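The chain contents come next:
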Amino acid sequence: MILSDTHTHSTLSHDGVSTAYEMALAAKASGLQSLYLTEHFDAYLTDPANPRIRYFEDAIFAPREPLPEGIELPLSIEFGEMNECPDYCRELLERHPYDFVLGSLHHLPGRKGFLSSSYTGQAECEYLLDAYFDQLICDAEENEYDSFAHIDYPLRYFYYNAGVLLHLEDRLSKLEELLSILVKRKKALELNTATLRKGYPTLMGDALALFRSLGGEYVTIGSDAHETKHLSCYFKEAEEVCVKAGFDHYTLYRARQPRNVLFTSDTID
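To start, this report covers the structure provided alongside it. From a predicted model like this one, the values you see are computed outputs, not experimental measurements. (Residues numbered from 1 in each chain as written. Predicted model: local features only at pLDDT ≥ 70, side-chain atom pairs only at ≥ 80, totals over all residues. Heavy atoms only, no water.)

### Section: unusual backbone geometry
Next up, step 1: In this model, Tyr234 sits at a positive phi of 60°, which is unusual for a non-glycine residue.
Next up, step 2: When you line up the elements, Tyr234 lands in the loop between strand S8 (219–222) and helix H8 (235–245).
Next up, step 3: A relative accessible area of 36% places Tyr234 in the partly exposed class.
Next up, step 4: In this structure, Arg256 is a non-glycine residue whose phi angle is positive, near 65°.
Next up, step 5: Examined against the element boundaries, Arg256 turns out to sit in the loop between strand S9 (249–254) and strand S10 (257–262).
Next up, step 6: Classification of Arg256 as partly exposed rests on a relative accessible area of 23%. (Helix = DSSP H or I, 4+ residues; strand = E, 2+ residues; numbered from the N terminus. Buried < 20%, exposed > 50% of the residue type's maximum accessible area, 1.4 Å probe, protein only.)

Structural data, given as structure tokens:
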């Protein structure tokens, strides 16, 4: 049983729907013990006039109504496109004592995001998958994070927007290179269940099994919920995929230190 959701967003993120209070209250009601509000910080957006900017001093740390008691809310952040502004990312990380840092990639430099793009067909999707892996490998090697989020992110939109079904294993050598970096750096791999919610047919079980075979120890599990109704979505399926891949645990972070939690209980290894 998974008792924490380590990837969620509230209205403190540009695309959030439910408030932090609503998210925390719903998480508590559903039986979660902790909720990680990994609010978006897209590193390439550094212009204060941009309406998507949510400076954390003005948002997360601003006075607001008290959040519900009885649920842990570790201080968390999701850095997107970290390689486009690495110095700024490092500066922001040094400002506050974060418990958990997600690294992610939603678009390639100079292109629209994968979610909002249209695709001409198989050839373009395969070209973009190659470019995506190349950028992931660069980001994973050079940047600071605890867990690498939704590495299958573009697959869901290739499939949903263009009907092109690709798999991470279609680029096996690049996938292995990426996962080997995470293992070498003792980082976590995220299993993001929004992939199923967005209509892609499977979670990335084969990639997770490869990660385990390479020596991967840490796996975080997140719903990527932006509103209360999506909290913990497909967590039963996620646990099944993890166990099949060789994990008897999932990973939580406090003060940026990993702690493995057995699926069979709330016991920390």
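Let us keep going from here.
### Here we look at the packing of aromatic side chains
Next up, step 1: A complete count under the given rule lists 12 aromatic pairs for this structure.
Next up, step 2: Taken together, a centroid distance of 6.0 Å and an interplanar angle of 80° make the contact between Tyr159 and Tyr200 edge-to-face. A residue pair is termed long-range when its members are at least 10 positions apart, and Tyr159 in helix H4 (residues 153–162) and Tyr200 in the loop between helix H6 (194–197) and helix H7 (205–213) qualify at 41 residues.
Next up, step 3: Ring plane angle 35° and centroid distance 5.6 Å describe the contact between Tyr250 and Phe263, whose orientation is recorded as tilted. In this pair, Tyr250 sits in strand S9 while Phe263 sits in the segment after S10, placing the two residues 13 residues apart along the sequence. As far as burial versus exposure is concerned, Tyr250 and Phe263 are alike and both buried.
Next up, step 4: Members of the aromatic cluster, each reached through a chain of ring pairs, are Phe114, Tyr119, Tyr132, Tyr153, Tyr157 and Phe158.
Next up, step 5: In this structure, Lys187 is placed above the aromatic ring of Tyr145, and the distance from its NZ or CZ to the ring centre is 5.3 Å. (Phe/Tyr/Trp six-rings, centres within 6.5 Å; stacked < 30°, edge-to-face > 60°. Lys NZ or Arg CZ within 6 Å of the ring centre and 35° of its normal.)

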